[in-house]
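# Working through the structure, step by step
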Amino acid sequence: MSRKNFFLLLEMDFNNIPEDENEIKNKIKRKRAEWSKLRNHPGRSTEAKANLELVSAIEAVMLDPDQRLEEAEAAREMKKREALEKEREAFSAVDKIVRVLSARGWVYESEVADLVKIFHLSESQVKSRISLPVKAASSKQNQRREITVDTSKAKKIAELCENIGVNSAHPGGVPSLYDFLQVSPTSSLDTLLETADEKYKELSKKRRDAKSEYETKLQSYCKSIFQRERKEYDLALIQLRLESLKETIQIATSSSTLDDVVFEQIVKEGMSLGVTQEEVTSFITGYCAQNHITVGSNNNTKKQKKLKQCGHCGLVNGEHDKYCSRCANELEVTCPSCKSIVPSTAHVCGSCGFEVGDLYKWNQIIREANYHLSVDEVEIAERLYHLVLSRWPDNVEVKKKLMEVQRKQKEQENKIATIMSFVENKRFYAARSELLRMKRTIEQSVTLKSIEEVCRDHILSAESLLKRARNLQDENQAAQYYMKAMEIAADCKEANDMIAKWPPESPKSLQITPRAAEIHLKWQPSESPGTIHYRVLRKKGSEILHSTDGEIIQENMQSSFVDNHAEGGTAYFYGVFAVRGQTVSEKGMVQGPFVRRPEVEDVTIHQDNSVIELNWIPPKGATSVEVWRKEGAVPTKRQDGTKLKGVTLDGVKDDTVTFGKTYGFRIVVRYGTEEAPTFSEGVSLQSKAIRLPKVVSDFTIKREDNGVFVKIPEMNDEVHIYYANQAFTYKKGETCPIDKLPQLGDKVILSEKKTAFVKMNLRKPLYFIPVSFNEEVAVFGEMKVSKDHPEVSNIFHKVEQNSLIVQWIWPDKIKRVIVAYRKDAFPVSHDDPQATKIQIEKGSYELLDGYKISSREQDYYFTIFTVYEEGDDLIYSNGEQYLCLNTKPVEISYEINTSSFFKKKVRISLSTDTAVTLPGLVLVKKALSPPTSKTDGKEIYRIPGNEEMYRTKQIDIPSEHFEKNMYARLFFINDKEAPKVRLQPKGGKEVLRLW
């Protein structure tokens, strides 16, 4: 009988079968009411619901006299089997104890008597399980005393776990808080509390029922026990797991003595429960000491085998095992910090203090991240790898994986760029094929989902037109539909195959104008209907014969082209063909040859009193360069003046000038061979042989709190200092016309003492270059760079017992920081008068494991400034900001409203349920789909921050940003505002459409 027996289920006497149907009905009614009350019980709901489903079957069997008799007989048989099973279980338990007692070679009569009493068996039944002699023992008996470890709380926790179906991963049974949180018993306190907090957040979102009540009680135990009583709780778990040994010990010590061989056998039994050799030995000896039992000849103190316990599941393994035979985890681990070999049961490394107990958790996260990476869920993998590095910063494997993440991200970016190119060129079938290969990526990307929708819509529209075309007998009418399909999806194969019967006409009136820097092409469009692209070809030395005869340098819908990559001095032929879909016009417009003769570029003049040096960059294809000089005027053409000697491809030094005179120069590029040369028009310039200012070879720059101090030496010539965020290209001693100095960038205003202080953002390197000059020329000095001051990184916080602990990674060679914080805004300097400030040395930080303050119900705006010594001065960095959010974030929703009454108008409507200081926002637009980040589109408008907003605010957008199929989205100017304010569009993507 596979179902439950109804007599046993109703708890009715099957030996005294009732005949009264009313009595049976009343029994069924009471049981149904009992089961109904248990339908929401966390541990018994499944059983109760199953029993309620049997009520109809129970009534059918129990109210039928013949079936009732058969059911009673089946119940008797079932009870007999249960009794036999119980007897077998008792025999199994007896055999287990006898196996331990038999280790000495005999069993005492007092031990037999104890077995009879404990397992409710007869003496003959017990003796039938013993194959060794039974001897009389001393009648001396001790009153047994229990070991005084309080296990009440651990028992209560085990019951709660069993009520919600949490089983123990430990071989000794006894479900625990570690099983409830699904963490390793070796986990660090931080990991246990973090996991408990995550469980709390999970429970807070659940519907309240009996199961969640049990889970909430267990979660509250986690906080109190792990913070204050973890050691006592772990001892209680050991005690509970060893409870089953008590009967064996009681029987084995009935004669007040525990033999060595029996002692060793009990130790083995205890270790099979996942308890260490030392813990079992301590338990047995403690029990014996409390009950005045002699343990053999104290040989238990002899050297025992060094066995290995698994730190994850608790099983004790052999001395030479490397992996746990139960869960396959390593029994010894290598400390990631100092490379020491540490037992897997250790919480921290004894050599360096690294929390090796968390390795199982981090390795599990790494495996999870590896899986996500293997299925191209790159963003999830990246987040998990960074989570591991936040606590395990030297993990080489994870750093390598992050490099793979970056490679895959680059691959995805390239694929997305390819897809976007297909979409822009209306190649929706090709875009769809690429998207099918990125199915998992699409699930995580709003942009790709939008593109997928666009492709599907265009392909469906094209397929609809194809269907119409197939049903038409008139070829001209069918062609119109095929061309419309191609206008929607340019790579529609069927439409292209059909349209190939009618090639487009070629473009008209091709005009080509060669210039020094580029060659311009312009033509009149093809008169053929449909979407026409134009293929521009270029070929060296000979005429273009067909549409693929040459290099394709452009193919789009434009009717002009500028070729600025043609090699100078080379003869090119150009051809333009019309393309409709994949069909090219039979003829094209072809002209040539044309030669581009570009000039030299970036000409510079360097003067050294009686020497004028000219330098330039020669164009590609140049065979040589000529320089013509004329006194008092600029040469008007080649051969006007004196041809200089010693001219190279990139410069010349003229040492034949006279001091104080003015000279004009023309630089001409020669192309072709000696036999058939051609020349460019030439670049002209003028210079005067004059006295050069003295070069500044030494000046001082020094970073301070919020800027840079500059000082130059006393000089007869006037000196300016220029600065920029990028390196200057000018070399020391190089000259420059005075009128070009303003193009260098920002200028430092020097005082009479030749010093200055420049206020600026010091987050990036700053480059300074001195320029000395007179009335006619300027000369550059030696450039210097003020490097960025290192900042702390990876700032994060945690809360422990009403304390807020802030931690970070220290940069190399920094031993001191200033921590400043406010509740309303980030401190702007290390001595911000409105901020609370404290100086922290690296040694005290490491001793206290961070910076700790009392946590209050407020937000904390931290700025951490690094400090280092430069000579006798202390230098402070710009500071790294970190927002610790303790208050509930404010939600701001928005939508984009458009109107076309008289003229197009777009307005952003912001709304919130409470008053809020509006953060700085930026509006970004993008074609086809809403942008996913500030960089995923074009910035078109900024909303300044620090403005009070109550409930609603409306902002009009300038009309020049309106374009069809364009979407826009708001983002924070400063991403650090994101935790404090939630920015959410009202509804789907349609509320983000600009037009």
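What counts, and where the lines are drawn
Residues numbered from 1 in each chain as written. Predicted model: local features only at pLDDT ≥ 70, side-chain atom pairs only at ≥ 80, totals over all residues. Heavy atoms only, no water. Helix = DSSP H or I, 4+ residues; strand = E, 2+ residues; numbered from the N terminus. Rg over C-alpha atoms; globule rule 2.2 N^0.38 Å. Buried < 20%, exposed > 50% of the residue type's maximum accessible area, 1.4 Å probe, protein only. Contact = heavy atoms within 4.5 Å. Areas by Shrake-Rupley, 256 points an atom, 1.4 Å probe, with all protein chains shown as cover. Lys, Arg positive; Asp, Glu negative; His and termini not counted. Charge placed at Lys NZ, Arg CZ, Asp CG, Glu CD. UniProt positions renumbered as here; feature names shortened; annotations may be inferred. Pairing = 2+ DSSP bridges. Axes fitted to C-alpha atoms, helices over the stretch in contact; angles between N-to-C directions. Arc of directions from axis to C-beta.

### Some points on the overall build of the protein chain
In terms of helices and strands, the protein chain carries 24 helices and 48 strands. By the compact-globule yardstick of 30 Å for 995 residues, the protein chain is too spread out, its C-alpha radius of gyration being 44 Å. Oriented by its inertia axes, the alpha-carbon framework of the protein chain measures out at about 135 × 95 × 65 Å. The burial tally for the protein chain puts 44% of its 995 residues in the buried class. For the protein chain, contacts bridging at least 24 residues in sequence account for 65% of all contacts bridging at least 6. Counting every atom, the protein chain has about 53900 Å² of accessible surface; 47% of that belongs to carbon and sulfur. In the protein chain, the 149 positive side-chain charges and the 145 negative ones have mean positions that sit 1 Å from each other.

### A look at unusual backbone geometry
A cis amide bond links Gly 592 to the next residue, Pro 593, at an omega of 0°. Looking at the element boundaries, Pro 593 is found in strand 16 (residues 589–595). Of note in the backbone geometry, Lys 426 takes a positive phi value of approximately 60° without being a glycine. Inspection of the secondary structure assignment puts Lys 426 in the loop between helix 18 (396–424) and helix 19 (428–436). For Asp 602, which is not a glycine, the phi torsion comes out positive at approximately 55°. For Asp 602, the position within the fold is in strand 17 (residues 601–607). On the basis of relative accessibility, which here comes to 56%, the residue Asp 602 falls in the exposed class.

### Remarks on the UniProt feature "domain: Fibronectin type-III" (unreviewed entry) in the protein chain
Under the present numbering, the feature "domain: Fibronectin type-III" (unreviewed entry) in UniProt falls on residues 504–585, 597–674 and 787–873. The span residues 504–585 carries 0% helix and 52% strand; its end-to-end C-alpha distance comes to 5 Å.

### Description of the sheet that holds strand 9 (residues 508–514)
Read from one edge of the open sheet, three strands run 9-10-13, paired in antiparallel fashion. Of all strands in the sheet, those with a lone pairing partner are strand 9 and strand 13 (560–563), marking the two edges. On average, adjacent strands in this sheet sit at an angle of 10° to one another, irrespective of strand direction. Across four bridges, the pairing between strand 10 (residues 519–524) and strand 13 is antiparallel. In the strand pairing of strand 13, Leu 521 is matched with Phe 561.

### Description of helix 4 (residues 55–62)
Residues of helix 4 that are buried: Val 55, Ile 58, Val 61 and Met 62. Here the buried residues of helix 4 occupy an arc of 130° about the axis, which is enough to place them on one side.

### Structural notes on the UniProt feature "coiled-coil region" (unreviewed entry) in the protein chain
The UniProt record annotates "coiled-coil region" (unreviewed entry) at residues 193–220. Secondary structure across residues 193–220 divides into 82% helix and 0% strand, with the first and last C-alpha atoms of the span separated by 11 Å.

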